[in-house]
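# Structure assessment
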Amino acid sequence: MTGRAERSLERALETPQGKYRYARRLFATIADRYDLITRLLSFGCDQRWKRMLVRRAGVAPGMRVLDLACGTGDLAELMSRRGATVIGLDFTAPMIARARRKGIDHASWVVGDMTHLPLPAEAFDVVTIGYGLRNVVDLPRALDEIAATLRPGGVLAALDFERPESASIRAIYLGYLTVVGSALGAALHGDPGTYRYIPATVARYPGARPVAVMMRDAGLTAVEHVPIFGGLMAAHFARKRSEPPPPHPVECGRGNDHRGSVGAS
């Protein structure tokens, strides 16, 4: 990747608008190769991880499921086979076009943005996200939107690259993604910089533990993150409360000061 192209990517990732525009162009460019790239970068393990995600999310016949960052529809297809009705949403029209061509039963498709979901509140039993958390320009807002679309008791299940906490492991991992991504970019697109976006976003990703905190802040509960592939990938599972949280207790003897003590959440 030339120095100029590297600087262009760095500048794009400095602002939400820049990242959004860069990511949409990139995924439109690589849509036809997306399935191949995910297989290669995961050493062929991504289908197993996706089956695990769907199984642990408890997808069952009759459920309504929202698949965000649906890409070419891999997760949607797995959930359709389990008898669920699926809406797949992605911010890149060529990805949606590829998903439609798979002819997945009981699936419909929407081009849209995770931070402004054009969908009704409390409409879904499960929301899934495959490799999409890193690409969101405002992750807390996206999680608020997701929580709003889940019915009470509904499940969020997400799979993504992890940002290793160890600086040495992180450096090796990012180096691997850069070298392999450059080779694939050159071979598949004639541009070794095509997939530089992946390690660049992994480097800026908060990591699984901070993302779990964001999920709790969005009002989700039973939040769990599961290390995968030696901690180089991670899955998150969370649930929307079935009932509203109890009101905070109020200390007596404080007159009109109702700040009180705060109960555990």
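Report follows, based on the coordinates. (Residues numbered from 1 in each chain as written. Predicted model: local features only at pLDDT ≥ 70, side-chain atom pairs only at ≥ 80, totals over all residues. Heavy atoms only, no water.)

### A closer look at the packing of aromatic side chains
- Applying the stated criterion to the full structure yields 9 aromatic pairs.
- Ring geometry for Tyr22 against Tyr197: centres 6.0 Å apart, planes inclined by 15°, an arrangement best described as stacked. With Tyr22 in helix H2 (residues 16-30) and Tyr197 in helix H9 (residues 197-204), this residue pair connects regions lying 175 residues apart in the sequence.
- Overall, the relative accessible area of 14% leaves Tyr22 in the buried class.
- With relative accessibility at 1%, the residue Tyr197 sits in the buried group.
- One aromatic cluster is present, formed by Tyr20, Tyr22, Phe27, Tyr34, Phe91 and Tyr197 through successive ring pairs.
- Arg56 extends its terminal NZ or CZ atom over the ring of Phe237, reaching a point 4.6 Å from the ring centre. (Phe/Tyr/Trp six-rings, centres within 6.5 Å; stacked < 30°, edge-to-face > 60°. Helix = DSSP H or I, 4+ residues; strand = E, 2+ residues; numbered from the N terminus. Buried < 20%, exposed > 50% of the residue type's maximum accessible area, 1.4 Å probe, protein only. Lys NZ or Arg CZ within 6 Å of the ring centre and 35° of its normal.)

### Some words on the nonpolar core
- Among the nonpolar cores identified, the biggest contains 54 residues, and Phe27, Val59, Val65, Met79, Phe161 and Tyr197 are the most heavily contacted of them.
- If we skip the residues at most four places from it in the chain, Val65 touches Val59, Met79, Ala84, Thr85, Val86, Ile87, Phe124 and Val126.
- Within the second largest apolar cluster, 30 residues are counted, among which are Ile87, Ala123, Val127 and Ala142. (Core = buried A, V, L, I, M, F, W, Y, C linked by side-chain atoms within 4.5 Å. Contact = heavy atoms within 4.5 Å.)

### Some words on the pairing of strand E7 (residues 233-240)
- Of all 8 residues in E7, 7 are buried, a share of seventy percent or more.
- Across 7 bridges, the pairing between strand E5 (residues 150-161) and E7 is antiparallel. For Phe161, the partnering residue across the bridge sits in E7 and is Met233.
- Two successive antiparallel strands, strand E6 (residues 220-228) and E7, enclose a turn made up of 4 residues, where Phe229 displays a positive phi of approximately 60°. (Pairing = 2+ DSSP bridges.)

### Focus on the packing of helix H3 (residues 34-41) against helix H8 (residues 167-189)
- Packing of H3 against H8 brings their axes to within 11 Å, and their N-to-C directions diverge by 145°. Here the hand of the crossing between H3 and H8 comes out right-handed. On the side of H3, the interface is formed by Leu36, Ile37, Leu40 and Leu41, while H8 contributes Tyr176, Val180, Leu184 and Leu188.
- Considering only residue class, the contact of H3 with H8 consists of 8 nonpolar, no polar and no charged. (Axes fitted to C-alpha atoms, helices over the stretch in contact; angles between N-to-C directions. Left-handed = near helix turned anticlockwise from the far one by under 90°. Nonpolar A, V, L, I, M, F, W, Y, C, P; charged D, E, K, R; others polar.)

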